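This is what each chain is made of:
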Amino acid sequence: MKSPATKSLIIFDGECNLCNGVVGWLLKFAPADLFEFVAYQSPRGQHILRDNNRPTDSLDTVILIDNNVLHTHSDGFLKIVSKIPKWQRVAALLAFIPRMLRDFVYRTASRNRVRWFGTSSSCTINFK
């Protein structure tokens, strides 16, 4: 089992229903020792964002920190999906789509996620 220090870290919007749904899906399908999840609203999430010179007042992308490298937008999402054994082929196929097009779709969904999916007063995980 990986220690928390070696797990890939996912920072997400803990108030977004879409984000919470994706985290719930990852908790169900990803190996338990693969990811650590942190809501950006949590004290730890705020600290990590500040340390990486990212805005702390809102989050427009999921952030994956893997081996001290920060991945965002469609690249971050595909890297997350590619770590799940049963989904590696899907991620590999989606990676053939040009990044400009992938990021356009990702940014459109990100801008509209609250309008399309709403917000939640509770988070999939407990804030640490």
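Before reading on, note that the structure itself is shown above.
Predicted model, so just to flag it, every value in this text is computed and none were measured.

## Digging into the overall build of the protein
The helix and strand tally for the protein stands at five helices and four strands. Its helices and strands in sequence order give the protein the pattern β-α-β-α-β-β-α-α-α, from N to C terminus. Total accessible area computed for the protein in this model is approximately 7,800 Å², and 58% of it derives from carbon and sulfur atoms.

## Regarding the environment of Asp-103
By secondary structure assignment, the location of Asp-103 is in helix α5 (residues 99–117). With 29 residues separating them along the chain, Asp-103 and Ser-74 place their C-alpha atoms 5.5 Å apart. Here Ser-74 takes part through its side chain, which lies 2.6 Å from a polar atom of the side chain of Asp-103.

## Side note on the pattern of salt bridges
Counted by the stated rule, this structure contains five salt bridges. Where Lys-83 meets Asp-66, a salt bridge forms, and the shortest distance between an N and an O atom there is 3.2 Å. You can see Lys-83 sitting in the loop between α3 (73–82) and α4 (88–94) and its partner Asp-66 sitting in strand β3 (residues 63–66), a full 17 residues away along the chain. Look at Asp-66 and you get buried, because its relative accessible area is 8%.

## A short note on the nonpolar core
In this structure, Ile-10, Phe-12, Leu-26, Phe-35, Phe-37 and Ile-80 are the most contacted members of the largest nonpolar core, which totals 16 residues. Those elements that place two or more of their residues in this core are β1 (8–12), α1 (17–29) and β2 (35–39). Grouped together as the second largest cluster of nonpolar side chains are nine residues, Leu-9, Val-38, Tyr-40 and Leu-59 included.

## Thoughts on a nonpolar patch on the surface
A cluster of nonpolar side chains, contributed by Phe-29, Trp-87, Val-90, Leu-94, Ile-97, Leu-101, Phe-104 and Val-105, occupies part of the molecular surface with about 690 Å² of accessible area. At the level of secondary structure, the elements contributing two or more residues to the nonpolar patch comprise α4 and α5. When residues in the nonpolar patch are grouped by element, the largest group, three residues, is from α5. If you trace the backbone, Phe-104 turns up in helix α5. A relative accessible area of 54% places Phe-104 in the exposed class.

Reading guide: rules and limits
- Residues numbered from 1 in each chain as written.
- Predicted model: local features only at pLDDT ≥ 70, side-chain atom pairs only at ≥ 80, totals over all residues.
- Heavy atoms only, no water.
- Helix = DSSP H or I, 4+ residues; strand = E, 2+ residues; numbered from the N terminus.
- Areas by Shrake-Rupley, 256 points an atom, 1.4 Å probe, with all protein chains shown as cover.
- Polar contact = N/O pair within 3.5 Å; in protein donor to acceptor, adjacent residues only side chain to side chain.
- Salt bridge = Lys/Arg side-chain N within 4 Å of Asp/Glu carboxyl O.
- Buried < 20%, exposed > 50% of the residue type's maximum accessible area, 1.4 Å probe, protein only.
- Core = buried A, V, L, I, M, F, W, Y, C linked by side-chain atoms within 4.5 Å.
- Patch = residues over 30% accessible without salt bridge, like charges linked within 9 Å, V, L, I, M, F, W, Y side chains within 5 Å.

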